[in-house]
Amino acid sequence: MITEIQITPEILSQHNLSEEEYFRIVKVLGRQPNFTELGIFSVMWSEHCSYKSSKVHLKRLPTRGPHVIQGPGENAGIIDIGDGYAIAFKIESHNHPSFIEPYQGAATGVGGILRDIFTMGARPVAALNSLRFGPLEKAENRNIMEGVVAGIAGYGNCFGVPTVGGEVVFEECYSQNPLVNAFALGLFKKDQIFYGKATGVGNPVIYVGAKTGRDGIHGATMASAEFDEESESKRPNVQVGDPFLEKLLLEACLEAMKTGAIVGIQDMGAAGLTCSTCEMGGRAATGIEIDLQFVPQRETGMTPYEIMLSESQERMLLVAEQGREEEVLRIFRKWEIDAVRIGRVTADGLLRVKDRGVVVAEIPNRALTEEAPIYYRPMEEPQGSIRPLRLPSSARADKLDFDSLLPRFLASPNLASKEWIYRQYDHMVRTNTVQLPGGDAAVIRVKGTGKAIAISLDGNGRYCRQDPHLGAQIAVAEACRNLVCSGAQPLAATNCLNFGNPQKPEIMWQFSRVIDGMAEACRAFGTPVTGGNVSFYNETLGEGIYPTPVIGMVGLIEPVSQTTGSRFMKEGDAVVLLGPLSLEDEYSKAVSETLHALRPSEISGDLYSNWVNQLPCPSLSLNIERQVQRSCLQAIRLALLVSAHDCSDGGLAVALAEMCFSHYKKPSVGADISLPAGISVESLLFGEFPSRIIATLEPDNLGAVKKIAEENSVDFLQLGYVSGSHLRIRVGDEVVIHQPATSLEDLWRNSIGGRFKIAL
Amino acid sequence: MKFGVIIFPGSNCEHDVYHMIGKVLHQPVEFIWHQSRDLASCEAVVVPGGFSYGDYLRTGAIARFSPVMECVQKFAATGGLVLGICNGFQILLEAGLLPGAMLKNRGLKYVCQHVSIRVESSSTPFTSALQTGQVLSIPIGHMEGNYFCDDHTLWELEANQQIIFRYCTPDGQTTEAANPNGSLSNIAGICNRSRNVLGMMPHPERASEPILNSSDGLMIFESMVNALVHS
């Protein structure tokens, strides 16, 4: 082999490879790599593909359970939902590309996660996303959000997957580092699962889908480095999506799978052809030999290096049964998609890449996959003021005007309705959407089974920054609670772990603590983690994001008729709280002090976000949380509840207001709420204590629900009744909030859309 | 009473229509590939929604050249029932089976939501089970649903009672605020002069079971079944 380009320290640094890693490559190969091989190693050993900094920690997550068919290590996790059906689901980040080119970055994020699902043989039936942006006051952040939302819509709508839910958070630390985490879930028969394995020596290796171009070269390495002023110039690294082609690819792949002639299949995502070939060989302990002259190309004069590293979208690699290729190729011809035999499975365990018969790269598959470097990076607890600054409580005696505080809180983009966003997503295609967006969890039915799947995505960077261990637990607890409120039993989770630079010991410490917290919580709720994604280097000019683990929780509602909404449904229903009303602790004191120190008249923008950032992390008892959820689910299963709503962001007052609002055909309605005096009114109304669910029920069922709560040792308190047109909250004898539900709803519903020029 | 559901590359509501006809209405139903040169002896044809050819040109502009569209033209000319939903409506416009054209939504964004539409005429095979003036709750999901035509065509549509659905408030008022996309005269659906071809932007198949929050759309298909039974 000829080494065309001399490998210098500069070239290593351009490939994000350290000197030690280079020596390791030389040792593995027993010689110096050529330029193409160096490129292959650089993408496969990048943080994005190798999980080299996170692997040792991820092992601590629980991954097994009675429902789990496939845990981490494949394209997506799979769980059994009974009746012969299984679901595949996964979440993945596309943060870096979405900052550089919001529309295409987000669109290709959706495209990538959808391929991860249908490459396993499952038809995607639901998409969700977890998005984080800087505050909308800045035009730059509005532009990023508008582009990201349009990109998700553009791809998902055309592909034909309903985007049924998710979360959107605004926070200064995401200004230069927006987070775009895309989740997808697919449905299939349990006996029709496909894996990314290149088995059967001699079997043909077939390339299908889009032609290869120069787009996205080094996308994986880009996602493994921080941003600086030059990042704009990385735009060519972002791929361009073609959802129409992906839709054809989906139909063709599912049809081809039915022939029984496909033995393994994997999408070409990050690191494209390189990753799919060596991973498929690695999993099957086989080798793969391909010749690049057969690879369909969109541009002329592409070098082997470029072809191997291209991240052109909408491509798949499959291995067919020898002698049955034609059955497969015929189906791709029907869908007018390129499908070409580019190589074969070998027994030697090598990835051998030829160009017109000349070997241009030859690397053991295992060296690129299982034997990639693993780092035990140094960890150190951050020193200094991670905890928020508490302002001096000078104005303690001032009487707070809660009645004017609530409307302003509801208008905060963090609490306000996300309708402006989700109405751009087709959330009804496939006719399975039982719960329209805006509820606690997304709910889609499984046709022909009488069951439904509930999904919730939750993260809380603000808490994780202060206490990564507790913050991660709170996120898991909230995700489960959202499912339970919808009537679902949580079954399993996927995670997207968004962090800063792992080479900083304090970031690695945060990561490790998050994993421990998540592991404990997932064990407590019996929800194994079946896979996910790690996104490091979310930093621009050294400024990192809050550690932001996002949990994607999946549960089952059985029968589908037990799907429970989160709104007040009818006049006269009793309103109750399951779980602790308020705690007299450090957190509660901080809620009081910071609210009193707040000067609403002096803050023109987002009052809630301004306030909430001053709060510490509330405490959480996994045991209480579990009991609260168990009580709620028991009551739903006995058909005792009319509605249930997770009480978290914005506290009790905000949750009660949300329950008043209209939803589809249901008009808005008021409530008459009485809270006991004698405890801090501030934390009573706005404290964000976890482990609380507000439920409504017919008054006749009060005794039965109370009994369930008592049997589970859960606090039960009747708060009042659904009544009238106003939300009225009394504490003791004093009315502290009295607002027409419709005017609160207007503020809440129009807040985000009002910040964009075009109203409709 | 066999229904045919046409699949173009990029159609994505074909399974939804298929499910609704087969599993909810319990009628025979078959997919028809866009390259097909016959309609497999179907007695009614549905052109479903989606993004035929990615909508990369004008919506529906490429799909109308598919071989199957020649059959659909002939079928329609002989009085066969043809229902175009969303992208299907756009294809029927491009194919000249219905007059007018679609512009981008007034808000320049894709809009997915439940809307109210008023039945303007029950004297079609698609609306015979409905009352004129009845308000249906049926979802829309489109980027180009802003119906447009010249004044003369609009006059003709009105004069011949070809406007079948209009966007309205839940109590039946066809106000500007109830118009989700800016369409001319709040038009949500129109039929041809012979009343056997209907195009509509709302998706009746998405409102065909109580679990989907509305089953108002089912009545459109029930009307079609009735028409076929009686013909």
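In this text the structure is predicted, and so the values were computed from the model without any measurement.

The next thing to look at is the overall build of chain B. When helices and strands are counted, chain B shows five helices and 11 strands. Taken against the 2.2 N^0.38 rule, which gives 17 Å for 231 residues, the C-alpha radius of gyration of chain B at 16 Å falls within 12% of a compact globule. Each principal axis of the C-alpha distribution contributes one length, and for chain B these read about 45 × 35 × 35 Å. Here the analysis covers contacts within chain B between residues at least 6 apart in sequence; of these, 76% occur between residues at least 24 apart.

A few words on the overall build of chain A. When you go through chain A residue by residue, the secondary structure sums to 26 helices and 28 strands. The C-alpha atoms of chain A give a radius of gyration of 26 Å, which matches the 27 Å a tight globule of 760 residues would have. By principal-axis analysis of the C-alpha atoms, chain A measures approximately 85 × 55 × 50 Å. Residue burial in chain A is summarised as follows: out of 760 residues, 61% are buried. A fraction of 85% describes how many contacts in chain A between residues 6 or more apart in sequence connect residues 24 or more apart.

All names here are of chain A. If you look at the biggest cluster of nonpolar residues, it comprises 319 residues, and the most contacted ones within it are Leu 410, Val 476, Cys 632 and Leu 656. Here this core gets 11 residues from one element, more than from any other, and that element is helix α18 (residues 468–485). With residues near it in sequence (within four places) discarded, Cys 632 still touches Val 484, Cys 485, Leu 578, Ala 644, Ile 693 and Ala 695.

We now examine the interface of chain B and chain A. In this assembly, 29 residues from chain B lie in contact with 29 residues from chain A. For the side of chain B that touches chain A, the elements supplying multiple residues, two or more each, are α1 (14–24), β6 (111–119) and β7 (135–142) of chain B. If you tally residues by element for the side of chain B that touches chain A, the top one is β6(B), at four residues. Looking at the side of chain B that touches chain A residue by residue, the classes come out as 12 nonpolar, 12 polar and five charged.

All names here are of chain A. Within helix α13 (residues 325–334), burial applies to Val 328, Ile 331 and Phe 332. Looking straight down α13, one finds its buried side chains confined to an arc of 100 degrees; they lie on one side. In this fold, the buried residues of α13 make contact with β7 (204–209), α10 (243–258), β8 (262–267), β10 (315–320) and β11 (339–346). Trailing α13 by a residue or two, Glu 336 shows a phi angle of about 55 degrees, which is positive.

Here we come to the pairing of strand β22 (residues 574–578) of chain A. Residues and elements named next belong to chain A. The buried fraction of β22 is high, at four of five residues. Pairing geometry for β22 and strand β25 (residues 693–697), over five bridges, is antiparallel. Looking across to β25, one finds that Leu 578 is bridged to Ile 693. With five bridges joining them, β22 and strand β26 (residues 716–722) adopt antiparallel strand pairing. Paired with Leu 577 across the two strands is Leu 717, which belongs to β26.

Attention now goes to unusual backbone geometry. Cis geometry marks the peptide bond from A:Glu558 to A:Pro559; its omega dihedral reads 0 degrees. The phi angle at B:Cys86 is positive, at roughly 60 degrees, despite the residue not being glycine. Among the secondary structure elements, B:Cys86 is positioned in the loop between β4 (81–85) and α3 (87–94). Of note, the phi angle at B:Leu108 is positive, near 60 degrees, even though the residue is not glycine. Relative to the helices and strands, B:Leu108 resides in the loop between β5 (101–103) and β6. With 13 C-beta atoms counted inside 10 Å, the residue B:Leu108 sits in the partly exposed group.

To continue, consider the sheet that holds strand β2 (residues 29–33) of chain B. Two strands in a sheet stick together by hydrogen bonds in their backbones, pointing the same way (parallel) or opposite ways (antiparallel). Residues and elements named next belong to chain B. The nine strands lie next to each other as β2-β1-β3-β4-β11-β10-β9-β6-β7, forming an open sheet whose pairing is mixed. In the strand order of this sheet, the two ends are held by β2 and β7, each with one partner. Neighbouring strand axes in the sheet, compared pairwise and without regard to direction, differ in orientation by 25 degrees on average. Both β6 and strand β9 (residues 163–168) contribute to a ladder of four bridges, which runs antiparallel.

Moving on, we get to the sheet that holds strand β28 (residues 734–740) of chain A. Residue and element names in this part refer to chain A. The mixed open sheet is built from seven strands, whose spatial order is β23-β25-β22-β26-β24-β27-β28. Each edge of the open sheet is held by one strand with a lone partner, namely β23 (643–646) and β28. Put simply, the sheet's adjacent strands are angled 20 degrees from each other on average, direction ignored. Packing of helix α23 (residues 651–660) onto the sheet brings it into contact with β23, β24 (671–675), β25, β27 (726–731) and β28, and relative to β27 it is tilted by some 155 degrees.

Residue and element names in this part refer to chain A. Here α10 crosses α13 at 155 degrees, and the two axes come no closer than 9 Å. When the interaxial angle is binned, α10 and α13 end up roughly antiparallel. Seen along the crossing, α10 lies across α13 with a hand that is right-handed. Along the contact surface, α10 presents Ala 252, Glu 255 and Ala 256, while α13 presents Val 328, Ile 331 and Phe 332.

Within the secondary structure, B:Glu158 sits in helix α4 (residues 151–159). Each C-alpha atom of the pair B:Glu158 and B:Thr124 lies 15 Å from the other, and the pair is 34 residues apart in sequence.

Now for the pairing of strand β3 (residues 85–93) of chain A. Residue and element names in this part refer to chain A. β3 sits mainly inside the fold: eight of its nine residues count as buried. Bridge count for strand β2 (residues 77–82) against β3 is five bridges, and the pairing is antiparallel. Counterpart to Ile 78 in the pairing with β3 is Ala 88. Here β2 hands over to β3 after two residues, with Asp 83 in that stretch at a positive phi of 55 degrees. Here β3 pairs with strand β6 (residues 179–189) via nine bridges, running antiparallel. Across the sheet, residue Ala 86 finds its bridge partner in β6, namely Phe 188.

What counts, and at which threshold
- Residues numbered from 1 in each chain as written.
- Chains lettered and ligands numbered in written order.
- Predicted model: local features only at pLDDT ≥ 70, side-chain atom pairs only at ≥ 80, totals over all residues.
- Helix = DSSP H or I, 4+ residues; strand = E, 2+ residues; numbered from the N terminus.
- Rg over C-alpha atoms; globule rule 2.2 N^0.38 Å.
- Contact = placed C-beta atoms within 7 Å.
- Buried ≥ 20, exposed ≤ 12 C-beta atoms within 10 Å, placed from the backbone.
- Core = buried A, V, L, I, M, F, W, Y, C linked by C-beta atoms within 7 Å.
- Nonpolar A, V, L, I, M, F, W, Y, C, P; charged D, E, K, R; others polar.
- Arc of directions from axis to C-beta.
- Pairing = 2+ DSSP bridges.
- Axes fitted to C-alpha atoms, helices over the stretch in contact; angles between N-to-C directions.
- Parallel < 35°, antiparallel > 145°, perpendicular 65-115°, else oblique.
- Left-handed = near helix turned anticlockwise from the far one by under 90°.

Taken by themselves, the reported measurements are silent on function.
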